[in-house]
Amino acid sequence: MVDILHRVGVISPSVDDVYAALTSVDKLAGWWASDTKGDADPGGVIEFRFTAGGFDMKVIDLQPGKRVVWEVVDGPEEWIGTEVIWDLKREDDYTIILFKHEGWKEPGEFMYHCSTKWASYLLSLKQLVETGTGAPDPHDVQISNWH
């Protein structure tokens, strides 16, 4: 198994600002996929629809101000059964996001693409919390012919 890992610092008054951006359907639509709907409570499923396809994430764990865990229950085969984990902590004026998309069966070109896209969306999340405006799909950076 292999994982996608990223660390991003968000300048915010509180870790709660970042936590809210990960646990509110409206805020998720503000930085990841404009077409987002569903239930962001534990056990609920959030549906993310992008120009190039979509994913359904089951909310596995919510620890306010500390952790968010989703399990991919629908989407590309490579994603099914993987988990997306957001660990949050406070350092100086930053909320540090330790991001992990874990459980990939093997590295491959699609994983490379997804790693880069995750990085761009993490910067969109940072932008949303810091400025009030993110860059969700379809307004995100297009990194290749896959979007």
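Let me begin by describing the structure that accompanies this report. The shown structure was predicted, so the numbers you read here are calculated from the model rather than taken from an experiment. (Residues numbered from 1 in each chain as written. Predicted model: local features only at pLDDT ≥ 70, side-chain atom pairs only at ≥ 80, totals over all residues. Heavy atoms only, no water.)

## Re the overall build of the protein
When its secondary structure is counted, the protein shows 3 helices and 7 strands. Taken from the N to the C terminus, the helices and strands of the protein come in the order β-α-α-β-β-β-β-β-β-α. Expected size for 147 residues packed as a compact globule is a radius of gyration near 15 Å; at 14 Å, the protein falls within 12% of this value. Across its three principal directions, the C-alpha atoms of the protein cover 40 × 30 × 25 Å. Here the protein, with 147 residues, has 41% of them falling under the buried criterion. Across the protein, every contact between residues at least 6 apart in sequence was considered, and the portion connecting residues at least 24 apart equals 48%. In the structure as shown, the protein presents an accessible area of about 7300 Å², 49% of it carried by carbon and sulfur atoms. Considering the protein, the positive charge centre built from 13 side chains and the negative charge centre built from 25 side chains are found 4 Å apart. (Helix = DSSP H or I, 4+ residues; strand = E, 2+ residues; numbered from the N terminus. Rg over C-alpha atoms; globule rule 2.2 N^0.38 Å. Buried < 20%, exposed > 50% of the residue type's maximum accessible area, 1.4 Å probe, protein only. Contact = heavy atoms within 4.5 Å. Areas by Shrake-Rupley, 256 points an atom, 1.4 Å probe, with all protein chains shown as cover. Lys, Arg positive; Asp, Glu negative; His and termini not counted. Charge placed at Lys NZ, Arg CZ, Asp CG, Glu CD.)

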